[in-house]
Each structure stands twice: as structure tokens, then as C-alpha cells.
Amino acid sequence: MADRVLVIGSGGREHALAWKLAQSPHVKQVLVAPGNAGTANNGKISNSAVLVSNHTILAQFCKDHNIGLVVVGPEALLGAGIVDDLMSAGVRCFGPSAKAAQLETNTSFAKAFLDRHKIPTARWEAFDNLQEACSFITITDFPALVIKACGPGGKKEIIFASSKAEACRTVQEILQDKMFGEAGERIVIEELLKGEELSCLCFTDGVTVAPMPPVQAHKRLRDGDQGPNTAGMGAYCPAPQIPEALLERIKDSVLQNVVDGMRQEGATYVGVLQTGLMCIKDDVKILNFSCHFGDPQCQVILPLLKNDLYEVIQATIDGKLSSCLPAWSENCTAVSVVMASEGYPGDYAKGMEVTGLLQAKDLGLEVFHAGTAMQDDKVVIDGGRVLTVTAVKEDLMSALEEAKKGVAAIQFKGAIYRKDIGYSAIAFFQQSEGQLHDDLNVDTITSGAWINKSEPPTANGCRSGSHAELGGSPDLFDLKTSGYDDPILVSRTKGIGTKLQIAQMCQKYDTIGQDLVAICINDILAQGAEPLFFLHYFACGNPDTEVKQAVIAGIAETCKKAGYAHLGGETAEMPGMSPQGECDLAGFVVGAVERGQMLLQLKRAAEGDVIIGLASSGIHSHGFNLVRKILLMSSLRYSSPVPDGCGHQTLGELLLTPTKIYSKALLPGLRSGHMKAFVPITCGGLLESIPRILPESFSVILDACSWRIPEIFSWLQKEGNLSEEEMARTFNCGIGAVLVVEKELAQQVLKDVQRHEEAWLIGNIVSSHTGSSHVKVKNLLKALQLNRSQFLQNAADVDSHLHVKLQRSKVTVAVLISGTGTSLEALIAYAKEPASCAQIALVISNKSGVEDLRNAARAGIPTRVIDHTLYGSRSEFDSTIDRVLEEFSVELICLAGFTRILSSAFIRKWNGKILNVCPSLLPSAKGGNAQKQVLQAGAKVTWCTVRFVLEEANTGAIILQEPVSVKTDDTEETLLERMKDAECRAFPIALQLVASGVVQLGADGKTCWKKGSQSLNHHEKQDCISSTTNLWP
């Protein structure tokens, strides 16, 4: 039998709870008291006016209305004992008892509890005396700058002081001046912690703990963590910054310890427990508790719950959570963006209409209401945080972009929201792969935590000039005996980065040494330098002798095989500063090249040169941040057998395949002068590595069907659902390095290289347009899917097949409308065509509620309403439009039925970038009622004109004109309709001409047609701009 459920509260959290509970087949109705506009008559969900503050009345209401479950949102009701009272009355209620809820409602209790159970938290003291509090702030040896008002009868207040003096003033205002009333009768002063702040939540029945994915919420009002603190302006889940091992520690050492401790103290905790944590390096400290779902944490977590929430709650209440553990989507990321009222978190206006909600829903987003109400069948503002837009996609960036589209579709006056939700995680993903030691600069630290041990040189006897026999420190190398006449020394320092973390997870260190040597040596080969000697730096916590020996032995063996001197290195042991088993590794190589043979000279590459690709052994040493994320979301682990077709190793062993060293294959050719340039494919993949050797005026076209792509890349693309660009911008995709050679020498050089390495002719160099991509990889997705294992192209194929012009990247376009009779839909349809050179990135209207705004939202295009009636001058209105255009990086503007006259300053700034369509033949008929002029003149044909907008009204440089026949029975209205059809045909073509660079506005204010291979011929131009002869009697 299906239940009725009552959710208590009125915020976005309660809307999300009601939304998720309504999905259960066990639930026939969800009442929300008091609810908001989002929970009013929404399918199974409706609002209730029952008085929730009187628990006796509430219990009777539940019995009278057959309420089978009550779910409580606000902490104040939990602290007031609502769960105790309802359960005593025989009404099932989800949440902790008043005694257990003290973890949130009583800060002093919570801090003392943590100390009793030895659970890490910020250092603290509680005070009700002003002098004692100020003395504590002054004499502590840590920044005691967090002041929490935690007295009875009021909401918790937290103030972060910037100095001890400010902290003392704040304490005086709370304790003496009573700025928070009785809520400030007692305060807690805490240490200010610095690190990554995250939320970890769990369901618990008092014994079992079922963690939820970690969340990061953004508390500050504005982007960049600026502005005042709020209850929360957005969140994302899962937060990738927490390693799996740390998540396990949080579950066992924090969440489970708290639950066990509360049970031991006679306050069994049942419900949802949320912990605010500060992650400091590889440790965590508890900042605070919430005895329920947080807001906006709830709105970002519940969309990822795969189970029936009703079943999980019932199992939790019954003490059977272990039999109904929640399951979470592993290949998705959720992002929630809060939209707040103007003035929030201070005073704000109420009663203003909220529009665009259906458009956001049409985009597949969830909109959870908070401060909203229904008024005259309209949704209006009724609170500070108005609503939350939540998107769930396969990755963080996609989810954030979708959430932004939803925010853009929703309109209300003065809306405040953040555009950088998840920035910390994005930075985490995008950080340089070699960030740990790309430019190693270790200061001398005189501390007992550091014990520096110089490693003796490893005997190799393979490189003349090394003086291992000299011993001692510093290490020596005799350059004179190396056979150089006029050498230039080339050096490089590199670190392993994330691949080292994977080696640590797999406990496999024997190949990491080769990786370190390879990435250093391959880098100096780009200058044509021969490596001479190598040094390493190894840092660890409590060192494992076997790990250290495996790593250093791998370095020494690699140097020996390659014929370079390994002069030793240094080990920094840091007991107590780095976690057990963790280490860091960096290398330093020095090479030499004769002064006249240096390779990296950008002017040497020329159009027609051929690209030779050298095979990689696998992923090499870059892209492992993304690999790690894919593995976190995958059902496979590092110990799993590799996917079908990828070999017979474990996945971890395959991923740790060491980086190739290319010096043996390349040094003879580099010295011969037959190779113009060389670059290893490292951070940034194919798209960002190859441009390092290209002049600005050239690009490279590669064909992915011309080389063998290892199967691991196909698996990563499929498992991570990665686009072609993501693959090419992250991984080497089977090409470990590339050479630039003259076309005539390509076959000879290829044969020479193939004596040592698998290699192919994979592309060539072409001239490029300013602003276009420097690297284009054709057929990458096709090659990944087919994963061919044989060579598919030879030199002749490559030369003939690849010598094509590069397409420009799409131009970002904004369309300005006023809502009626526009050609917006035609522009949108055109922009979706594969051959389109334009992307509609924004639609701006000076009127709200118009149909074209809904059309744009349905197409997934962000919209803005900038109401001209709210501005005191045209220039102020235009300046606002200009700021929004810059926000979206707009390059071209299309005026599609936009009825406002733009200011001269605006037109000058966007000179040659504004296109407009007119229902007349400029300059023969200027503005006004063009249809009336045509009919009065008895013309047989009229036109619509697309032009560049100039300062002088009703003038412009013509881009394209479309003819419209005039019928004998035409009225102004019928003629206008056909002219609108003509506009819809002409405007997209004109936009393509401008976006592709074929047409532009000249310095003289006239239309210029580009000369060369991309120009239109004479007849095509005449099709675009036709003669006006014989049109007017």
C-alpha cells in the first residue's frame, strides 16, 4: 500500500527531498509544509498549511491524513525535539533526536564531543566572559580568528576575523553589546584553518554508516569567493580532490567514530549526518556538523542517488540500513547553481515575477525552488535564495555549462548567481601534469624533519666525461673529454606527477625510473642536444627501502642502457611531514649541442613539410589526472585484468608502461640536419605540444588513420565518453613525438627512424589563418573506434590526402531581438549545420517573456533580458549590453528584429561586427515603411538587405540582398510576410560570409571581399549583390 509522506520545510532542500520521494512507487502523495511555489500542485507533490511548530497538532494531523512518514528539513525543529515527539505519538519520523541533534545545535557540545573521542578538529575554547575571550585570542600561538555565537534561542552566527584586533572587537560586540541577543550569550573561538573545505554526508541508523559522495559547496556570494558569506550559492558532487584512500579514512575515522561515540554516550544518531571538513594536505579536520541534508548539498546529491530514497529512509529508521545501502551514479557529476535576490544576504525585495522556469525544465534541468511563492498564478520572489538549478552530466564542465544554460533561461530582476561553481575541481583537473617539479626549486630547510642524503654516483662507464671515481660531493662531469668543439649546454628539470600516485596505488615502482629519465631527455632532444648526465631527487615520508631501491635502480639501469652518466642524486626523508608510503620524484638532465646545430628554430618549418610520428608505448607520463578520474567512475580497478584487446596485464601495469626514450633513434638524424624540428607529445596532448615547434603562420594537419593507436586509448575514450578534442588535447593517442622534415627527405628520414622505432608519415604543414587552430587531427574518433593495427598511409597518400585547408574555429555570435518577426530561428538552424562557421552563444532581448527567448532556451542557448525601460539613457543601456557580450566572449552581433537604436559609441566599438537585416533595398529605399514605399512606386521586385551597421542611420555596407517579387494583389501585410521569409534565407548566408572571413568591413566603410582561394567568383558575388537596374519605374 502506497504511503503519504510529509516533508517539513520550505527551501530548496525540501523541494529536492519531495522530488526524490515522489519518484518512489511506495509513495502516492508528498505533502510539503509550508512548501513553496515549486512544491505547489506539482504532480504527486502539493503544499500543506499544517502548523508544524505545535508537535501535538502535527501528530494528530498525520494520523488524520494517514501520513506514513515525516521527513524533517530545518535543524531548529530537530533541535526542538520534533522527532522525539512524533515517534512517541506513533508517527514515523526521519531525523535525529533532540539529544543527538546537539552536534549541530550546540557548538560547545560538538567541540567537546570531538575532543572526548579524539576526532581531529580546529583548536578552540568556549567563553562567556569578555576579558577571558580577548586574552585567549591575544596569547594563543595559532590564529584564533573564528568566532561562533552559540547561545540558546537563536540561529548560529559565525564571523571570520582578519586579525586578532578585529577578533577582539567582534567578541566585544557579541558578549558586551549583545549584537546577536541571547544567541551570543556564549561564544566559541576557533583556530582559522586553511585548506580545501568539503562536505561529507552519510545515512546512519546508529550503527551502520553509508557515506554519500563528497560535495564542495560555495559559500561566498560572488565569483572567486568574493563578497559576504551566505548559506550557499552552489555546489558540485562528487568532489574529485579527495583521494580514495582519504575517503576511506573519513568514513572509518570520522563518520563511524562520530556515530559510535554518540551511541556510546546514549544519544544514538539516526538520520543524515553532514560533516564540514577542512582537507589539509592528506589529513582532515572537522569544522562543523549538520544534523540533516545541507542546502545546497541536498540538491546536488539526491540527483545522483540510484536507489529509492523512501526505501533507504525506512531501512534507516528500522535499523536495517546495512540491508539497503544507497547506490550512487558513478559516471556522472552534478552541479547546482543558486539564484539569489538582489540585496541578498541583506535586505531584498519580494513579489517580483520569476520567468523562464519551463524553458529551464525543457533543457532537462531540475529547478528546486526555495524563496518562491505563487501570486495571481505567477511565481514570485519570496526569499533571499530564490531557487537552485541542478544539472547532471558525464563530467563537471558539461554539467556546469548545462546549469549555466538553465540560469540564463530563468529571469527575475536583479538575479545574483555565481558562474564559477566547481572552479576548484576544474583547476584540479587542469593543473599541469608535471606541476610537482616542472621547475624544481627546493629551498634549503634547516629542520629536524629533513634528513638529506646524497646518493653516490652509479657506476656505468658508458659516458666519457663522468667522474664517478672522484666520489664525494659535488658530482663532476668533464665536458672537455666529451668531444664537443663549441657546445651549448641544455638542461631540464621534470617531475613524474600523477603517474607516480598510480604507481603508489599499484605498489609498482620498477618502471617509474625510466619515466623520469625519458621525460627529461626527450625534452632536451627538442633542442637537438645529446644528454650527458642525469641526477635525481627523491622525497618521501617514512621511507620504504625497497621502494627507494626500486626507483633508483630503474633510473640507473635506464641511464646505463641509454649510455648516459647517472651521477647520483639526493633523498629527502621527511618523517611526520609526508604520509607513510608516499613519495615524490624529480629528475635533472644536462645535455650539449654544438652551437650551430641547435634545433628549436621556429623559422625553419615551412609549408609542405611532412610530419613524422614516432610511436608511443602507451599513455607515457601525461594525462593521468583524467585517467584517474575515468578509473574512479569505472567498474574496473588498477588490479583488474585489462579490457579485452589491450593485452594480458592488469590495468595498473598497462597504465604504468614506461615512457619511450627517443635519443638513440634521433640523434644521428638531428646531427645530420635532415630533421628540422622535434617535439615530444607531453602536457596538452597533440593539440598543445606540436604548436611549440610551429611558426605562428603555419598549422599542422594530421590523419589519425595513418598510425597505429594502442587499444588503451580506445578504451579510455569509450569509458570516459571523451570527445575528439578532449582526447587530442589530453593524450598522445599513440604518437610519442613528432619530427618535421622536408617533403623530399621524408622517406629517407622515415626509414632511418624505423630502424629503431615504429614510425609513420602522419601529416603535413599548411598555411593557417590568424586565430585558427594550429593542429587539426582528422578521423581521430573513427580511428579510435576502428583501432586499426596496420599502417594505413604511405608518404604519397599523406601528401595528397592531407594537403587541405584548415577550417576556422567557429565564431561566437550574439543575437539581439525585441521579440516579434525575427529571423532568430533561421539563424539557430543554420548554426547547427556542420559547415557553419558561427556559433550562437547568446540571445539578448530588451523585452521579457517573448517567444524567441523560449525558442533560444529550447535550443540550449543562454538568454538575457536587458529591459531598456530600466535605464536612464541609451548609453547606459548599451553599456549593459556590452558587458554581457564581453562576458560571453562574443565576436559578432546579429540584430534580428531589434527595435532599439544603438548609440554611436557602441557602434564604433563593434565596428564591422554588427549585422542587421532590413526589409528594403538600400540605398534606394531607406527605412520607414518599406512595403508601403514599394507598393506606392509600383515596383515589380523588392528586396531585403543584410548589411554592416554604421553610425549613420539607414546606411550600411551591403553584404547580401535577397529579391522578393511583388504581386499585383499584394497588401503591405502579405508583402511583409514574404519579406520575412526572404530575411530568413538571406541572414544566415550573410552571417556565414562574415564568419568565414569571406566578407568584412573595410577601413573605408565599404564591404571587402577576400581575395584568394576562398573568395567567391564573379558570378557568385553577383548572386549575393545584384544590380538595382529596372526595379523602379
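Just so we're clear, the structure is a prediction, and the values are computed from it rather than from any experiment.

Trainee: Break down the overall build of the chain for me, with residues and values.
Mentor: Broken down by element type, the chain carries 33 helices and 42 strands. A fraction of 74% describes how many contacts in the chain between residues 6 or more apart in sequence connect residues 24 or more apart. Approximately 43,300 Å² of the chain is accessible, and the part contributed by carbon and sulfur atoms is 49%.

Trainee: Can you tell me about the confidence of the model for the chain, naming the residues and giving the values?
Mentor: Residues of the chain with pLDDT of at least 70 account for 84%, and the chain-wide mean is 82. In this model residues 467-473 is a low-confidence stretch, pLDDT under 50, and it forms four contacts with partners more than four residues away in sequence or in other chains. In the predicted structure, residues 922-927 sits below a pLDDT of 50 and forms 15 contacts with residues beyond four places in sequence or in another chain.

Trainee: Tell me about the sheet that holds strand E6 (residues 124-127), residues and numbers included.
Mentor: Read across the open sheet, the four strands follow the order E6-E9-E7-E8; overall the sheet is antiparallel. Of all strands in the sheet, those bounded by a partner on one side alone are E6 and strand E8 (157-160). Here the average twist between neighbouring strands, direction ignored, is 20°. Contacts from helix H7 (residues 130-139) reach E6 and strand E9 (187-190), with the element oriented near 160° to E6.

Trainee: Just give me the short version of the pattern of salt bridges, but keep the residues and values in it.
Mentor: Within the structure shown, the criterion is met by 34 salt bridges. Across the pair Arg-263 and Asp-260 runs a salt bridge, and its minimum N-O distance is 3.2 Å. One end of the pair, Arg-263, and the other, Asp-260, are both in helix H9 (residues 244-264), three residues apart, so they sit about a helical turn from each other. A relative accessible area of 19% places Asp-260 in the buried class. Glu-401 is the salt-bridge partner of Lys-404, the closest N and O atoms lying 3.8 Å from each other. With Lys-404 and Glu-401 both in helix H13 (residues 396-409), this residue pair falls three residues apart, about one helical turn.

Trainee: Lay out helix H17 (residues 545-562) in plain terms, naming residues and giving numbers.
Mentor: If you check H17, its first and last C-alpha atoms are 26 Å apart, about what 18 residues at 1.5 Å a residue would give, namely 26 Å. Of the residues making up H17, those classed as buried are Val-547, Lys-548, Val-551, Ile-552, Gly-554, Ile-555, Ala-556, Thr-558 and Cys-559. After H17 finishes, the residue Gly-563 shows a positive phi value of roughly 85°.

Trainee: Which residues make up the sheet that holds strand E18 (residues 333-340), and what values go with them?
Mentor: In any sheet, the strands associate via hydrogen bonds between backbone groups, in a parallel or an antiparallel arrangement. Strands sit in the order E12-E15-E18-E22-E19 across an open sheet of five strands; the sheet is antiparallel. Here the strands that pair on one side only, and so sit at the sheet edges, are strand E12 (216-217) and strand E19 (366-369). The pairing of E19 with strand E22 (residues 385-393) spans four bridges and is classified as antiparallel. Paired with Val-367 across the strands is Val-389, a residue of E22.

Trainee: Explain empty space enclosed by the protein residue by residue, including any values.
Mentor: In the structure shown here, the tally under the stated rule is seven cavities of 30 Å³ or more. Taken as a whole, the largest cavity spans an internal volume of roughly 100 Å³. Val-72, Phe-94, Val-272, His-292 and Phe-293 are the residues nearest the centre of the largest cavity, which is lined by 15 residues in total. When residues of the lining of the largest cavity are traced back to their parent elements, those giving at least two are helix H1 (12-21), strand E4 (67-72) and helix H11 (309-317). Of the residues belonging to the lining of the largest cavity, the class tally is eleven nonpolar, three polar and one charged. What lines the second largest cavity is Ala-518, Ile-519, Asn-522, Asp-523, His-620, Ser-621, His-622, Thr-659, Pro-680, Ile-681, Thr-682 and Gly-736. The dominant element in the lining of the second largest cavity, judged by the number of residues it contributes, is helix H16 (residues 512-525), at four residues. Split into classes, the residues belonging to the lining of the second largest cavity amount to four nonpolar, seven polar and one charged.

Trainee: Mind laying out H11, listing which residues take part and the relevant values?
Mentor: Of all the nine residues making up H11, eight are buried; the element is thus mostly covered by neighbouring parts of the structure. Of all the residues in H11, the buried ones are Leu-309, Tyr-310, Val-312, Ile-313, Gln-314, Ala-315, Thr-316 and Ile-317. Where H11 begins, the capping side chain belongs to Asp-308, and its oxygen is found 2.9 Å from the backbone nitrogen of Tyr-310. Looking at the residues trailing H11, positive phi occurs at Gly-319, about 75°.

Trainee: Describe the packing of helix H27 (residues 824-831) against helix H32 (residues 972-995), and please don't skip the residues or the numbers.
Mentor: Taken N-terminus to C-terminus, the directions of H27 and H32 make an angle of 45°; their axes are 9 Å apart at the nearest point. It follows from the interaxial angle that H27 and H32 lie oblique. By crossing handedness, the relation of H27 to H32 is classed as right-handed. Each of Ala-826, Leu-827 and Tyr-830 in H27 lies in contact with H32, whose residues at this interface are Cys-984, Phe-987, Pro-988, Leu-991 and Gln-992. Looking at the contact of H27 with H32 residue by residue, the classes come out as seven nonpolar, one polar and no charged.

Trainee: Could you give an account of the environment of Glu-758, naming the residues involved and the relevant values?
Mentor: Structurally, Glu-758 can be placed in the loop between helix H24 (746-754) and strand E32 (759-767). Glu-758 sits 51 residues away from Trp-707 along the chain, and the two C-alpha atoms are 9.6 Å apart. For Glu-758, the side chain forms a polar contact with the side chain of Arg-708, separated by 3.0 Å.

Reading guide: rules and limits
In this convention, every chain numbers its residues from 1, walking through the sequence in written order. Only residues with pLDDT of at least 70 get local features here, since the model is predicted, and only at 80 or more are side-chain atom pairs given and counted; chain-wide, interface and lining totals rely on the full set of residues. Think of the side-chain values as coming from all heavy atoms in the structure, minus any hydrogens and water. Secondary structure elements are defined from DSSP: runs of H or I of at least 4 residues count as helices, runs of E of at least 2 residues count as strands, and each element is numbered from the N terminus. By definition, residues are in contact when any of their heavy atoms lie within 4.5 Å. Accessibility throughout is a Shrake-Rupley quantity obtained with a 1.4 Å probe, and a residue counts as covered only by protein chains that appear here. pLDDT is defined as a per-residue confidence score from the predictor, taking values between 0 and 100. Whether two strands pair depends on DSSP finding at least two bridges between them. Throughout, an axis means a line fitted to C-alpha atoms (over the contacting stretch in the case of helices), and angles, computed between N-to-C directions, take values from 0 to 180 degrees. Salt bridges, as used here, are contacts in which a Lys or Arg side-chain nitrogen is within 4 Å of a carboxyl oxygen on Asp or Glu. For the exposure calls, accessible area comes from a 1.4 Å probe over protein chains only, and a residue counts as buried if that area is under 20% of its type's maximum, exposed if over 50%, partly exposed in between. Every helix has an expected span of 1.5 Å times one less than the residues it contains. Put plainly, a pocket is an open set of points on a 1 Å grid over the protein atoms alone with protein on both sides within 12 Å along at least five of seven lines, a cavity is a set where a 1.4 Å probe fits but cannot get out, and a lining residue has an atom within 4 Å of a point. Grid points are joined across faces, edges and corners, and a volume is the space filled by probe spheres set on the points. Under the convention adopted here, Pro, Cys and the residues Ala, Val, Leu, Ile, Met, Phe, Trp and Tyr are nonpolar, Asp, Glu, Lys and Arg are charged, and Gly plus all remaining residues are polar. Polar contacts, as used here, are pairs of N or O atoms within 3.5 Å; protein pairs need one atom able to donate a hydrogen and one able to accept it. Residues neighboring in sequence count only if both atoms are side-chain atoms. Roughly parallel means an angle under 35 degrees; roughly antiparallel means over 145; roughly perpendicular covers 65 to 115; every other angle is labelled oblique. Each crossing gets its hand from how the near helix is turned against the far one by less than a right angle, where anticlockwise is left-handed and clockwise is right-handed.

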